[in-house]
Amino acid sequence: MRVEAQPAFILHATAYRETSLLVEALTRDHGRVGLIARGVRGAKRQPLRAALQPLQAVLLDYAQKGELATLARAEPVAPLPAPAGEALLAGFYLSELVLRLAPRNDAVPDVFDLFATTLAALSDPHVRLAWSLRRFERDLLDALGYGLPLTEDAAGLAVDPQARYRLDPEQGPVREPRPVVRSVPGTALLALAADREPDAAGLRALRDALREVIAHHLGPRGLKSWGMPGEFARLLPPGPAPDGP
């Protein structure tokens, strides 16, 4: 199959043999695609190599045959505002989440649109990074079929703003009979469902709860991004919080 001028975001690129790259891209119409970019590490192919940097928006031409496609062209498109500092680290977290959770060669246009929207929001100084990440996690899980109810608990009862819950990866909110450290206030779950930013404590609780749900779907191997405590701790509101994005 030949694909031309396919909008995509570069998720990851790594060296392959002496002069090539293995590239993972999120495409609009074909989902996550693995590509071999041959001969791009030579001096004469620097413009193409530059287009294959993570978080770059591109148009791709490639030939799909088997699991990996062969890249023919990668042309940068009008760039989004380039994230920097903490926003750049958050962008790498988005990329790693999609890389690990989205299946290869399976169209997920909602994920493509979500990635583009969230990447743009990371550079908006008026949007809290931690809130952008929680919204992305919620919507990514929904788009991939892993979404959970947030206004109704596992027993079928309406979430109580005054109660606390454990977010079960398969059942959704499970009410805790007594307060525990790693639980989420009902107010935070309802705020996330209504797309309304919760308070600082609610954001921290949602981060931990969504991380456990994501870890369940990842399997035994976690995310490299979760090993960056110093950098990602600054994405959280002031106050004590566990390490990780």
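Keep in mind the model is a prediction, meaning the values are calculated, not measured. (Residues numbered from 1 in each chain as written. Predicted model: local features only at pLDDT ≥ 70, side-chain atom pairs only at ≥ 80, totals over all residues. Heavy atoms only, no water.)

What am I meant to see in the overall build of the protein here?
Helices and strands together make up the secondary structure of the protein, namely seven helices and eight strands. Here the protein holds 245 residues, and the buried ones make up 45% of them. In the protein, the share of contacts with a sequence separation of at least 24, taken over all contacts with a separation of at least 6, comes to 58%. In the structure as shown, the protein presents an accessible area of about 11800 Å², 53% of it carried by carbon and sulfur atoms. (Helix = DSSP H or I, 4+ residues; strand = E, 2+ residues; numbered from the N terminus. Buried < 20%, exposed > 50% of the residue type's maximum accessible area, 1.4 Å probe, protein only. Contact = heavy atoms within 4.5 Å. Areas by Shrake-Rupley, 256 points an atom, 1.4 Å probe, with all protein chains shown as cover.)

Just to check I follow, could you spell out the packing of helix α2 (residues 86-101) against helix α4 (residues 129-143) for this structure?
Relative orientation of the contacting elements α2 and α4 amounts to 10 degrees, with a least axis distance of 11 Å. Here α4 runs roughly parallel to α2, going by the angle between their axes. Contacts between α2 and α4 involve E86, A87, A90, Y93, L94, L97, V98 and L101 from the former and L129, L133, R134, F136, E137 and L140 from the latter. Split by residue class, the contact of α2 with α4 holds eleven nonpolar, no polar and three charged. (Axes fitted to C-alpha atoms, helices over the stretch in contact; angles between N-to-C directions. Parallel < 35°, antiparallel > 145°, perpendicular 65-115°, else oblique. Nonpolar A, V, L, I, M, F, W, Y, C, P; charged D, E, K, R; others polar.)

Just checking my understanding: could you explain the pairing of strand β5 (residues 68-76) for this structure?
Two faces make up the sheet, and in a regular strand the side chains alternate between them. As paired elements, strand β3 (residues 31-37) and β5 share three bridges and run parallel to each other. Paired with G34 across the strands is L68, a residue of β5. Sheet topology note: the strand β4 (residues 57-64)/β5 ladder contains seven bridges and is antiparallel. The partner of L59 across the bridge, within β5, is E75. The turn linking β4 back onto β5 is made up of three residues, and G66 within it adopts a positive phi angle of 85 degrees. (Pairing = 2+ DSSP bridges.)

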